[in-house]
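Here is how the chains run, residue by residue.
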Amino acid sequence: MNIKPIKTEADYQEALSRIDALIDCPDDSEEADELDVLSILVENYESEHYPIAPPDPIDAIRFRMDQTGMSEKEIAAYLGGEQTAEAILSRRQPLTLEMIKRLYQQLHIPAESLLAY
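Residues numbered from 1 in each chain as written. Predicted model: local features only at pLDDT ≥ 70, side-chain atom pairs only at ≥ 80, totals over all residues. Heavy atoms only, no water.

- Per an unreviewed UniProt entry, the protein goes by the name Transcriptional regulator and belongs to Fibrisoma montanum.

1. Some remarks on the overall build of the protein
Move 1: Scanning the protein for helices and strands turns up 7 helices and 0 strands.
Move 2: Along its sequence from the N terminus, the protein presents helices and strands in the succession α-α-α-α-α-α-α.
Move 3: Compactness check: the protein gives a C-alpha radius of gyration of 21 Å against a globular reference of 13 Å for 117 residues, more than 25% above the reference.
Move 4: Along the three orthogonal principal directions, the C-alpha set of the protein runs to about 60 × 30 × 20 Å.
Move 5: For the protein, the residues scored as buried account for 32% of the 117 residues in total.
Move 6: Here the contacts in the protein between residues at least 6 apart in sequence split such that 50% fall between residues at least 24 apart.
Move 7: When the accessible surface of the protein is split by element, carbon and sulfur atoms take 51% of a total near 7900 Å².
Move 8: In the protein, 10 side chains carry a positive charge and 24 a negative one; their mean positions are 13 Å apart. (Helix = DSSP H or I, 4+ residues; strand = E, 2+ residues; numbered from the N terminus. Rg over C-alpha atoms; globule rule 2.2 N^0.38 Å. Buried < 20%, exposed > 50% of the residue type's maximum accessible area, 1.4 Å probe, protein only. Contact = heavy atoms within 4.5 Å. Areas by Shrake-Rupley, 256 points an atom, 1.4 Å probe, with all protein chains shown as cover. Lys, Arg positive; Asp, Glu negative; His and termini not counted. Charge placed at Lys NZ, Arg CZ, Asp CG, Glu CD.)

2. Examining the packing of helix H4 (residues 72-79) against helix H5 (residues 82-89)
Move 1: At a minimum axis distance of 8 Å, the contact between H4 and H5 shows a crossing angle of 100°. Our classification of the angle between H4 and H5 gives roughly perpendicular. Contacts between H4 and H5 involve Glu 72, Lys 73, Ile 75, Ala 76 and Leu 79 from the first element and Glu 82, Thr 84, Ala 85, Ile 88 and Leu 89 from the second.
Move 2: When grouped by side-chain class, the residues that make up the contact of H4 with H5 number 6 nonpolar, 1 polar and 3 charged. (Axes fitted to C-alpha atoms, helices over the stretch in contact; angles between N-to-C directions. Parallel < 35°, antiparallel > 145°, perpendicular 65-115°, else oblique. Nonpolar A, V, L, I, M, F, W, Y, C, P; charged D, E, K, R; others polar.)

3. Structural notes on the pattern of salt bridges
Move 1: Counting across every chain of the model gives 6 salt bridges.
Move 2: The partner of Arg 92 in a salt bridge is Glu 86, with the nearest N and O atoms 2.7 Å apart. (Salt bridge = Lys/Arg side-chain N within 4 Å of Asp/Glu carboxyl O.)

4. Here's the deal with H5
Move 1: Listed as buried for H5 are Thr 84, Ala 85, Ala 87, Ile 88 and Leu 89.
Move 2: Where H5 is buried, its residues contact helix H3 (57-68), H4 and helix H6 (97-107).

5. Description of the nonpolar core
Move 1: Ranked by size, the top nonpolar core spans 19 residues in total, and within it Ile 61, Ile 75, Leu 79, Leu 95 and Leu 103 carry the most contacts.
Move 2: When contributions to this core are tallied by element, the ones reaching two or more residues are H3, H4, H5 and H6.
Move 3: Tyr 12, Ala 15, Cys 25 and Ala 32 belong to the second largest nonpolar core, which has 11 residues in total. (Core = buried A, V, L, I, M, F, W, Y, C linked by side-chain atoms within 4.5 Å.)

6. Structural notes on the packing of H4 against H6
The description of two packed helices rests on the angle between their axes and on the distance between the axes.
Move 1: It is the contact of H4 with H6, at a shortest axis distance of 9 Å, that shows an interaxial angle of 115°. For the pair H4 and H6, contact is made by Ile 75, Ala 77, Tyr 78 and Leu 79 and by Met 99, Arg 102, Leu 103, Gln 106 and Leu 107, respectively.
Move 2: Grouping the amino acids of the contact of H4 with H6 by side-chain chemistry returns 7 nonpolar, 1 polar and 1 charged.

7. Topic: a negative patch on the surface
Move 1: Residues Asp 27, Asp 28, Glu 30, Glu 31, Asp 33 and Asp 36 make up a contiguous surface patch of negative charge.
Move 2: Counting through the fold element by element, Asp 28 comes out in the loop between helix H1 (9-22) and helix H2 (30-49). (Patch = residues over 30% accessible without salt bridge, like charges linked within 9 Å, V, L, I, M, F, W, Y side chains within 5 Å.)

Quick look at the structure:
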């Protein structure tokens, strides 16, 4: 194992190539250990250099609705009524802190997605 920190884009590309070469290695082998360590290093580099922003709050709500087959009428129970739900989903009215709490606690929509405006 010749593992070093990933400091540059060239180091990153080299690590990705090595991961590709190791991807089918047997479990409980020295190569599997190398793969684990390289994966952690690559993940850290990517989170620092290629961060992924949370989705828009309304997009996050619509995604959960799609996942669960929930209608706008059903989501209204979490948003304070049908008129309020329609106004929020059409982006005419912002989410309140109370709505964010309900969506997070009851529908498990990540809070960082609901707070990203």
